[in-house]
Amino acid sequence: QVQLVESGGGLVQAGGSLRLSCAVSGRNISMSDMGWFRQAPGKEREFVASISRTGRRTVYADSVKGRFTTSRDNAKNTVYLQMNSLKPEDTAVYYCAADWRVPGASPTTSDYAYWGQGTQVTVSS
C-alpha cells in the first residue's frame, strides 16, 4: 500500500522560509513523477510544482517561480519543497502527490493517483 506523508508545515512570517518533505512508503519513487499542490480555504486545489522521476525536469506555477524549489532524494524515497520569500497568499494546505504511469512531471491534479494527507502552511503578514 502506497502512503505519502507530508511534514514541515507551520506558521511563518511573510518573507520567511519553510521546507516541506514528503516521505513515500510502499513503493520506490525512482520511477514516479512527484507533484506538489495546495488548497486554500474556499478555493480549488492548485498546482505548485512537479518533478520528473530523474529530477532533471521541474515545473513551477507562475505564482511560485523563483521562490519555491522542489527536489527529490530517491534513495530516501522523499521529495522536498523549499519555500522562500513566503507571502500571505501562500497560506494553504500543501499536498504531495505521486504517479507511476505516464512520465512528464504533469501540473494536472488528475494525473496523480496517490496523495498525502496534507500539511498546513500559514504565512502571517
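Residues numbered from 1 in each chain as written. Predicted model: local features only at pLDDT ≥ 70, side-chain atom pairs only at ≥ 80, totals over all residues. Heavy atoms only, no water.

(A) The overall build of the protein chain, seen in detail. Along its length, the protein chain carries zero helices and 11 strands. The N-to-C order of helical and strand elements in the protein chain reads β-β-β-β-β-β-β-β-β-β-β. The globule rule puts the C-alpha radius of gyration for 125 residues at 14 Å, and the 13 Å found for the protein chain is close to it. If you line up the protein chain on its principal axes, its C-alpha atoms span 40 × 30 × 25 Å. Each of the 125 residues in the protein chain was classed as buried or not, and the buried ones make up 46%. In the protein chain, of all internal contacts separated by at least 6 residues, the share reaching a separation of at least 24 is 59%. Here the protein chain has roughly 6,300 Å² of accessible surface; of this, 48% comes from carbon and sulfur atoms. Side chains of the protein chain give 14 positive and 10 negative charges; the mean places of these two sets differ by 5 Å. (Helix = DSSP H or I, 4+ residues; strand = E, 2+ residues; numbered from the N terminus. Rg over C-alpha atoms; globule rule 2.2 N^0.38 Å. Buried < 20%, exposed > 50% of the residue type's maximum accessible area, 1.4 Å probe, protein only. Contact = heavy atoms within 4.5 Å. Areas by Shrake-Rupley, 256 points an atom, 1.4 Å probe, with all protein chains shown as cover. Lys, Arg positive; Asp, Glu negative; His and termini not counted. Charge placed at Lys NZ, Arg CZ, Asp CG, Glu CD.)

(B) Examining the packing of aromatic side chains more closely. Tallying each qualifying case throughout the model produces five aromatic pairs. Seen from their ring centres, Phe 37 and Trp 115 are 5.0 Å apart, and the 55 degrees between their planes marks the pair as tilted. Of this pair, Phe 37 sits in strand β4 (residues 33-39) while Trp 115 sits in strand β10 (residues 114-115), and the two are 78 residues apart along the sequence. Ring pairs connect the aromatic residues Phe 37, Phe 47, Tyr 112 and Trp 115, which therefore count as one cluster. Directly above the ring of Tyr 95 sits Arg 45, whose terminal nitrogen or CZ lies 3.7 Å from the centroid. Seen from the ring of Trp 115, Arg 45 lies directly overhead, with NZ or CZ sitting 4.9 Å from the centre. (Phe/Tyr/Trp six-rings, centres within 6.5 Å; stacked < 30°, edge-to-face > 60°. Lys NZ or Arg CZ within 6 Å of the ring centre and 35° of its normal.)

(C) Local environment of the sheet that holds strand β8 (residues 78-83). As summarised here, the arrangement of the four strands in space is β1-β3-β8-β7, forming an open sheet in which the pairing is antiparallel. Of all strands in the sheet, those bounded by a partner on one side alone are β1 (3-7) and β7 (68-73). Across the sheet, the mean angle separating the axes of adjacent strands is 15 degrees when strand polarity is ignored. Alignment of β1 against strand β3 (residues 18-25), held across five bridges, turns out to be antiparallel. From the neighbouring strand, Leu 4 faces β3, where its bridge partner is Val 24. (Pairing = 2+ DSSP bridges. Axes fitted to C-alpha atoms, helices over the stretch in contact; angles between N-to-C directions.)

(D) Representation of the pairing of β7 within the structure. Here β7 shows one buried face, formed by Phe 68, Thr 70 and Arg 72, and one open face, formed by Thr 69, Ser 71 and Asp 73. Examined bridge by bridge, β7 and β8 share six bridges and lie antiparallel to one another. Within the sheet, the bridge partner assigned to Thr 70 lies in β8 and is Leu 81.

(E) Spotlight on the pattern of salt bridges. Here the structure, examined in full by the defined rule, presents six salt bridges. The partner of Asp 90 in a salt bridge is Arg 67, with the nearest N and O atoms 2.8 Å apart. Of this pair, Asp 90 sits in the loop between β8 and β9 (92-99) while Arg 67 sits in the loop between β6 (58-60) and β7; the two residues are 23 residues apart in sequence, bridging distant segments of the chain. Classification of Asp 90 as buried rests on a relative accessible area of 0%. With a shortest N-O distance of 2.7 Å, Arg 101 and Asp 99 are connected by a salt bridge. Overall, Arg 101 belongs to the exposed group, its relative accessible area being 53%. Through salt bridges that share partners, Arg 38, Glu 46, Arg 67 and Asp 90 make up one connected network. (Salt bridge = Lys/Arg side-chain N within 4 Å of Asp/Glu carboxyl O.)

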